[in-house]
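Here's the letter readout for the chains.
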Amino acid sequence: MNEPQQKWTETIEADHSLFDLRLKEVWRYKDLIYMFVKRDFISSFKQTILGPVWFFINPIFTTIVYLVVFGQIAKLPTDGAPPILFYLLGVTLWNYFSGSLTATSNTFVGNASIFGKVYFPRLVTPISIVISNLMRLGVQILLFIIVWTYYLAKGEIHPNIWVLATPLLIILMVIFALGVGMIFSSLTTKYKDLGMLLGFGISLYMYATPVIYPVSALAGPFKKLAYYNPLTGIFECFKYGWLGSGDFSPLMLGISTAIILVLFAIGLVIFNKVEKTFMDTV
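Residues numbered from 1 in each chain as written. Predicted model: local features only at pLDDT ≥ 70, side-chain atom pairs only at ≥ 80, totals over all residues. Heavy atoms only, no water.

### Description of the overall build of the protein chain
Tallying secondary structure elements over the protein chain gives 12 helices and zero strands in all. When the helices and strands of the protein chain are read in sequence order from the N terminus, they spell out α-α-α-α-α-α-α-α-α-α-α-α. The buried share of the protein chain, taken over its 282 residues, is 45%. Nonlocal contacts in the protein chain, meaning residues at least 24 apart in sequence, comprise 80% of its contacts between residues at least 6 apart. (Helix = DSSP H or I, 4+ residues; strand = E, 2+ residues; numbered from the N terminus. Buried < 20%, exposed > 50% of the residue type's maximum accessible area, 1.4 Å probe, protein only. Contact = heavy atoms within 4.5 Å.)

Below you can see the structure in the form of structure tokens.
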């Protein structure tokens, strides 16, 4: 008597395109993404007294330090924008990018114990990281908007239509952090030295990005090089749209978008390739 053939509800296979995002598979694990986001949020403030208030404390104190060091002592220009708004916006955006990149770059090494026991799309982990950091970004942008409204009422800033580009700019930051994070998370499975260098590199990268200074303060080759920094177009567009000041052009944002998409494609290829064999090297 022939036994009835079993029908599998899930098929796990390593053979897929290197450019395949497998969004359908990721969507099926949306509950897992939610659990990871919830876990990251809770673990961030577990056994802390102030809890989510740290979302506000970090940018406030960092902005005050920047006001004193770069505004009062170094006297760096802010293109006529109120210094507190200029630095608060730069700090808010930078905190999101650096936090997302650092956490995403640890995807394989930090989650090797989980990956080795149960299957789920590996892309779920970096996606949950950038989403959980978006929650922090949302809270900090709320703080910025409160301060921004005060200066708007005083007539010291003149926002323009580029404010409407905010969702696009945030998406570009998400894609950039995700793409570069996937590159580093893949490479650190074999070369752990890169993980140690990344923190130092991110610190240096901040000074190559218009966080504490406007692009208009640069001259000569430094200004030309700044255009090829993917974050330059994003940061300058944010400042130009919300504060009405800055040396911004659509070309700058176009260059940023092109570079970000290329880096994301490279990160996706490397990530999809490494996820098949990383357990042999971690």
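Next, the rest of the story.
### Regarding the packing of aromatic side chains
Evaluation of the coordinates by the stated rule reveals 12 aromatic pairs. Ring centres of Tyr66 and Tyr87 lie 6.3 Å apart, and the angle between their planes is 75°; this geometry places the pair in the edge-to-face category. Highlighted residues: Tyr66 in helix H3 (residues 54-73) and Tyr87 in helix H4 (residues 83-104), separated in sequence by 21 residues. With respect to burial, Tyr66 and Tyr87 carry one shared label: buried. What links up through ring pairs into an aromatic cluster is the set Tyr66, Phe70, Phe86 and Tyr87. (Phe/Tyr/Trp six-rings, centres within 6.5 Å; stacked < 30°, edge-to-face > 60°.)

### Observations regarding the side chain of Thr63
The topology assignment puts Thr63 in helix H3. Looking at Thr63, the relative accessible area reads 4%, which means it is buried.

### Section: the packing of H4 against helix H11 (residues 230-243)
In helix packing, the relevant descriptors are the interaxial angle and the interaxial distance, both defined with respect to the helix axes. Viewed as axis vectors pointing N to C, H4 and H11 meet at an angle of 140°, and their least axial separation amounts to 11 Å. Taken together, the axis directions place H4 and H11 in an arrangement best described as oblique. Taken as a pair, H4 and H11 cross one another with a handedness that is right-handed. Contacts between H4 and H11 involve Leu85, Phe86, Leu89, Gly90, Leu93, Trp94 and Phe97 from the first element and Leu231, Phe235, Phe238, Lys239 and Leu243 from the second. (Axes fitted to C-alpha atoms, helices over the stretch in contact; angles between N-to-C directions. Parallel < 35°, antiparallel > 145°, perpendicular 65-115°, else oblique. Left-handed = near helix turned anticlockwise from the far one by under 90°.)

### Here we look at the pattern of salt bridges
Counted according to the given criterion, the structure contains two salt bridges. Asp247 serves as the salt-bridge partner of Lys223, at 2.8 Å between the closest nitrogen and oxygen. Remark: Asp247 occurs in the loop between H11 and helix H12 (250-274) and Lys223 occurs in helix H10 (residues 221-226); sequence separation between them is 24 residues. Using a relative accessible area of 25% as the deciding quantity, one classes Lys223 as partly exposed. (Salt bridge = Lys/Arg side-chain N within 4 Å of Asp/Glu carboxyl O.)

### Quick word on the packing of helix H7 (residues 124-153) against helix H8 (residues 166-187)
With their axes 11 Å apart at the nearest point, H7 and H8 run at an angle of 140° to one another. With respect to H8, the axis of H7 lies oblique. Once H7 is placed against H8, the crossing between them reads as right-handed. On H8, the residues that touch Pro126, Ile127, Val130, Leu134, Leu137 and Ile141 of H7 are Ile170, Met173, Val174 and Leu178.

### Quick word on H8
End to end, H8 covers 32 Å across 22 residues, agreeing with the expected 32 Å (1.5 Å per residue, within 8%). H8 sits mainly inside the fold: 16 of its 22 residues count as buried. (Expected span 1.5 Å × (residues − 1).)

### As for the environment of Asp79
If you trace the backbone, Asp79 turns up in the loop between H3 and H4. Residues Asp79 and Lys239, spaced 160 residues apart in sequence, show a C-alpha to C-alpha distance of 9.8 Å. Discounting residues that sit within four places of it in the chain, Asp79 has contacts with Pro214, Ser216, Ser245, Gly246 and Asp247. Here Ser216 takes part through its side chain, which lies 2.5 Å from a polar atom of the side chain of Asp79. (Polar contact = N/O pair within 3.5 Å; in protein donor to acceptor, adjacent residues only side chain to side chain.)

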